[in-house]
Amino acid sequence: MEKRSYQLFDALNTKAFYQDNERPVIIADNLRTPENMGAVLRLAGNIGALKTIFISTDAQHFRKFKIKRTASGAAEKTAWQVIADPGELSRLIPPGYQLIALETSQTATDIFKFRFPCKTAFLIGNEVTGIRDELFARASQALYIPLPGNISSLNVTHALTVGLFEWYRQMNG
């Protein structure tokens, strides 16, 4: 009989990855929808993120059930918080972590040509306006995802997916 996903992952022993590696941190700047917040939390659960930090003054008005529904249980199984002041980041990001922005900019590097640090804090931005300048300036590196089609951007959660799993591929290889 074919193995189901939980059996496959038990056999692959993917949880052992964090015996030798640091967990990533995810920081999302000013996301516009509770659904994207939930999707970020689902990704945090998938990758085993250390914590997820949402910087937002609007998130307090989001309906929690929308976040939780999209997160598919990850909202209860991952560490996350919402902060209003971006200045709090310096005390919330663990020592030694490098802030890596997933943002298309003139100074960005192709994500597939970049070697991720073990201690990576991923920074993603608003779905329309991107990462605020003051936060972007704090990043030690900006990365873009090369896209060959007519549309040159991804949904913020899709970009985060590519970033997290490229990091995982590099750390696992």
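Structure: see above.
Residues numbered from 1 in each chain as written. Predicted model: local features only at pLDDT ≥ 70, side-chain atom pairs only at ≥ 80, totals over all residues. Heavy atoms only, no water.

A.B. asks: Can you help me understand the overall build of the protein in this one?
C.D. replies: Of regular secondary structure, the protein possesses eight helices and seven strands. Over its C-alpha trace the protein gives a radius of gyration of 16 Å, about what one expects of a compact globule, namely 16 Å for 173 residues. Considering only contacts within the protein whose residues lie at least 6 apart along the sequence, 81% involve residues at least 24 apart. For the protein, the accessible surface area stands at approximately 9,800 Å², while carbon and sulfur atoms represent 49% of it. Taking the 20 positively charged and 16 negatively charged side chains of the protein as two groups, their mean positions are separated by 6 Å. (Helix = DSSP H or I, 4+ residues; strand = E, 2+ residues; numbered from the N terminus. Rg over C-alpha atoms; globule rule 2.2 N^0.38 Å. Contact = heavy atoms within 4.5 Å. Areas by Shrake-Rupley, 256 points an atom, 1.4 Å probe, with all protein chains shown as cover. Lys, Arg positive; Asp, Glu negative; His and termini not counted. Charge placed at Lys NZ, Arg CZ, Asp CG, Glu CD.)

A.B. asks: Just to check I follow, could you spell out the side chain of Thr78 for this structure?
C.D. replies: Along the chain, the position of Thr78 falls in the loop between α5 (74-77) and β3 (80-83). A distance of 2.8 Å separates the side chain of Thr78 from the backbone oxygen of Ala74, its partner in a polar contact. Not counting residues up to four positions away in its chain, the partners in contact with Thr78 are Leu41, Ala44 and Gly45. (Polar contact = N/O pair within 3.5 Å; in protein donor to acceptor, adjacent residues only side chain to side chain.)

A.B. asks: Just to check I follow, could you spell out the pairing of strand β1 (residues 25-29) for this structure?
C.D. replies: Successive side chains on a regular strand alternate, one facing one side of the sheet and the next facing the other. The buried count for β1 comes to five of five residues, which makes it a mostly enclosed element. The alternating pattern of β1 places Val25, Ile27 and Asp29 on one face and Ile26 and Ala28 on the opposite face, and all of these are buried. One ladder, built from five bridges, connects β1 with strand β2 (residues 51-55); its direction is parallel. Looking at the pairing, Ile26 lines up with Thr52 of β2. As a crossover connection, the stretch from β1 through helix α3 (residues 34-47) into β2 is right-handed. Sheet analysis places β1 next to strand β6 (residues 120-124), joined by four bridges and oriented parallel. Its bridge partner lying in β6, Ile27 is registered against Leu123. (Buried < 20%, exposed > 50% of the residue type's maximum accessible area, 1.4 Å probe, protein only. Pairing = 2+ DSSP bridges. Right-handed = clockwise from strand over helix to strand, strands pointing away.)

A.B. asks: How do you make sense of the packing of aromatic side chains when you look at a structure like this?
C.D. replies: Each pair of aromatic rings is reported with the distance of its centres and the angle of its planes. Counted by the stated rule, this structure contains seven aromatic pairs. For the pair Phe116 and Phe122, a centre-to-centre distance of 5.5 Å together with 40° between the ring planes defines the contact as tilted. Each member of the pair, Phe116 as well as Phe122, carries the same accessibility label: buried. Three or more aromatic residues joined by ring pairs make a cluster, and in this case those are Phe17, Tyr18, Phe165, Trp167 and Tyr168. A cation sits over an aromatic face here: Arg23 above Tyr18, 4.1 Å from the ring centre. (Phe/Tyr/Trp six-rings, centres within 6.5 Å; stacked < 30°, edge-to-face > 60°. Lys NZ or Arg CZ within 6 Å of the ring centre and 35° of its normal.)

A.B. asks: Sorry if this is basic, but what is going on with helix α8 (residues 156-172) here?
C.D. replies: Taking 1.5 Å per residue as the helical rise, α8 with its 17 residues ought to reach 24 Å, and the 24 Å between its terminal C-alpha atoms agrees with that figure. Taken residue by residue, α8 has Val156, Thr157, Ala159, Leu160, Gly163, Leu164, Glu166, Trp167, Gln170 and Met171 as its buried positions. (Expected span 1.5 Å × (residues − 1).)

A.B. asks: I tried to follow the pairing of β2 on my own but got confused; where do I start?
C.D. replies: For β2, a buried count of four out of five residues is recorded, marking the element as mostly surrounded by other parts of the structure. Bridge analysis of β2 against β3 gives four bridges, and the strand direction is parallel. From the neighbouring strand, Phe54 faces β3, where its bridge partner is Val82.

A.B. asks: I'm lost on the nonpolar core in this one. Help?
C.D. replies: Generally speaking, nonpolar side chains in soluble globular proteins are found buried as a group. Phe116, Leu160 and Trp167 are the most contacted members of the largest nonpolar core, which totals 34 residues. Those residues in contact with Trp167 that sit more than four places away from it in its chain are Phe17, Tyr18, Glu22, Pro24, Ile47, Phe116, Pro117, Cys118, Thr120 and Phe122. Listed in part, the 18 residues of the second largest apolar core include Ala101, Ala108, Ile131 and Ala139. (Core = buried A, V, L, I, M, F, W, Y, C linked by side-chain atoms within 4.5 Å.)

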